[in-house]
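Structure assessment
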Amino acid sequence: MGQQFGRRSWAEPWKIKMVEPLRMTTKEDREKALVEAGFNTFLLKSEDVYIDLLTDSGTNAMSDRQWAGMMLGDEAYAGSRNFYNLEEAVRKYYGYKYLIPTHQGRGAEHLISQAAIKKGQFVPGNMYFTTTRLHQELAGGVFTDVIIDEAHNSQNPHPFKGNVDLEKLESLIKREGAEKIAYISLAGTVNMAGGQPVSMANVKALRALTDRHGIKVYLDATRMVENAYFIQEREEGYARKTIAEILLEFCSYTDGAWMSAKKDSLVNIGGWLAVNNWTLFEELRNLVVVYEGLHTYGGLAGRDMEAMAIGIAESVADDHVHSRIGQVRYLGEMLTAWNIPIVLPVGGHAVFLDARGFYPHIPQIQFPAQTLAAELYLDSGIRSMERGIASAGRDPKTGDHYYPRLELTRLTIPRRVYTQAHMDVVAESVRAVYEAREKTQGLKMAYEPKYLRFFQARFERM
Ligand code: P70
């Protein structure tokens, strides 16, 4: 593939030591499983899935060193050695002073939202993320999207579609007053936009603007390593800097971060929250014992913290990130070569299929992206995730559906798990589903839970 695009190929900087057999199913098996799952890929049994591209969260393969670290778990209730190793890794690679471990990302989102949002305050962010926005709303905040317009257009080739629109932000601050802004909720990369990065220039300018108004910036660092890769690749002055240097510089423009370590940090469970301000830290450290566990384990076992500490160091290795993003891009380039509509540029963790491009005849309220996820599973047993109107949920004020411009189905690539041959099989299945697009009909929602409905909603064929 590298040769076809006139460049040298990459290869994985590891070899395989242990394998897990995959189960193949028949079309009849899959039809039955899909109906039982209410056409929701979250409700399928993993055993019924062939290639699992539901998420890159907690689905990564750990290295031999991480597994060895699991054996060094210091399972003490308080003051585990592994906590201090994790604290040191976060300080070294992300640069924040004070660390609180949490069981996963949303545990950290809960704490920061409770501590830093007063009822009625606005929380501007570069596009919503489902769990992040929900915790902000549950804390009484009002999420406000301040991402650049380009992000809402799946075909716009902007290299940093995750950027904050500083004019949108400034006019919000002018209109509402700085004291009505809880903090800026900045994500790198932006998941719902297609894994799109934020530039260093943008975060620097954001820092300058927020400093003028005395507003804090907290970073969703979940896929910030991948964001650093795009800066190295695309932004002037960064080609010769390492991923680790770029990560540290980026974080230095923010006041703290929350992390779902299940992504970048190459573990199956874990997260953290880290800040530079001692007073805020004291409050968070007090809150964590209510919801997660003591502040030196936060819902994790010692071994989980050790695997995370080692995973953080592995995650910033340039050759690792290069091959990780290279694999995602390989799949994206194959689909683009076949004129299949995807979000461009291809992002860091996934290829996002543009379900509007697949099914222009299916109205958004008939869930085109959910339909596409169901069709892909039926075709080949590949599991993907809806990222469209079902994920967007409802406006808490009016109760109406949000109608996001992006109606996407995500093929999310776990790190160090699948091979290039798996990507070929995925691409061919996507092509088969694309070729059958005109005959495909939409879905209706048959059951809708109150919170984060996409996880447990059930659908039926129209
Ligand atoms: C995904 C996962 C999790 C996530 C994230 C960003 C940018 C925070 C979190 C929460 C899992 C997921 C979550 C909600 C809906 C679908 C899937 N993203 N910030 O697959 O972290 O899951 O550890 O609590 O992407 O994208 P956690």
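All values derive from a computational prediction rather than experimental measurement. (Residues numbered from 1 in each chain as written. Predicted model: local features only at pLDDT ≥ 70, side-chain atom pairs only at ≥ 80, totals over all residues. Heavy atoms only, no water.)

With that out of the way, let us pick up the layout of surface pockets. One way to see where empty space is left: roll a probe the size of a water molecule over the atoms. What the largest pocket holds in volume is close to 1400 Å³. Looking at the largest pocket, it is lined by 36 residues, and the ones nearest its centre are Met18, Ala61, Met62, Arg416 and Val417. For the lining of the largest pocket, the elements supplying multiple residues, two or more each, are α2 (64–70) and α12 (318–337). With three residues, the single largest contributor to the lining of the largest pocket is α2. Residue composition of the lining of the largest pocket, by class: 16 nonpolar, nine polar and 11 charged. Taken as a whole, the second largest pocket encloses approximately 1000 Å³ of empty space. Around the second largest pocket, the lining comprises 38 residues; the ones closest to its centre are Arg133, Glu137, Arg394, Pro396 and Tyr402. In terms of residue class, the lining of the second largest pocket is built from 17 nonpolar, nine polar and 12 charged. (1 Å grid on protein atoms, 1.4 Å probe; cavity = no way out; pocket = protein on both sides within 12 Å on 5 of 7 lines; lining within 4 Å. Points joined across faces, edges and corners; volume = space filled by probe spheres on them. Helix = DSSP H or I, 4+ residues; strand = E, 2+ residues; numbered from the N terminus. Nonpolar A, V, L, I, M, F, W, Y, C, P; charged D, E, K, R; others polar.)

Attention now moves to the sheet that holds strand β9 (residues 350–354). Read from one edge to the other, the open sheet built from three strands follows the order β9-β12-β11, with strand pairing classed as antiparallel. A strand with exactly one partner marks an edge of an open sheet, and here the two such strands are β9 and β11 (385–387). Recorded for the sheet is a direction-independent mean angle of 35° between the axes of neighbouring strands. The sheet contact formed by β11 and strand β12 (residues 408–412) spans three bridges and is antiparallel. (Pairing = 2+ DSSP bridges. Axes fitted to C-alpha atoms, helices over the stretch in contact; angles between N-to-C directions.)

Moving on, we come to the packing of helix α8 (residues 224–234) against α12. Where α8 contacts α12, the axes come no closer than 10 Å and their chain directions differ by 90°. Taken as axis vectors, α8 and α12 run roughly perpendicular relative to one another. On the side of α8, the interface is formed by Val225, Glu226, Tyr229, Phe230, Gln232, Glu233 and Arg234, while α12 contributes Asp318, Val321, His322, Arg324, Ile325 and Arg329. Here the contact of α8 with α12 is built from residues that sort into five nonpolar, two polar and six charged. (Parallel < 35°, antiparallel > 145°, perpendicular 65-115°, else oblique. Contact = heavy atoms within 4.5 Å.)

Within this structure, the stated rule accounts for two cavities of 30 Å³ or more. Quantified by volume, the largest cavity comes out at close to 80 Å³. Around the largest cavity, the lining residues are Glu12, Trp14, His320, Ser323, Arg324, Gln327, Pro414, Arg415, Arg416 and Tyr418. Split by residue class, the lining of the largest cavity holds three nonpolar, three polar and four charged. Looking at the second largest cavity, its volume works out to about 30 Å³. Those elements giving two or more residues to the lining of the second largest cavity turn out to be α8 and α12.

As for its position among the elements, Thr25 is in the segment before α1 (27–36). Setting aside residues no more than four positions away along its own chain, Thr25 makes contact with Arg30 and Asp48.

Our focus in this paragraph is helix α11 (residues 302–315). For α11, spanning 14 residues, the distance from its first C-alpha to its last is 20 Å, which sits close to the expected 20 Å at 1.5 Å a residue. When you tally the buried positions in α11, you get 11 out of 14 residues, the bulk of the element. Within the span of α11, buried status applies to Gly302, Asp304, Met305, Glu306, Ala307, Met308, Ala309, Gly311, Ile312, Glu314 and Ser315. Here the buried face of α11 lies against α2, α3 (81–93), β2 (98–102), α8, β8 (271–275) and α12. (Expected span 1.5 Å × (residues − 1). Buried < 20%, exposed > 50% of the residue type's maximum accessible area, 1.4 Å probe, protein only.)

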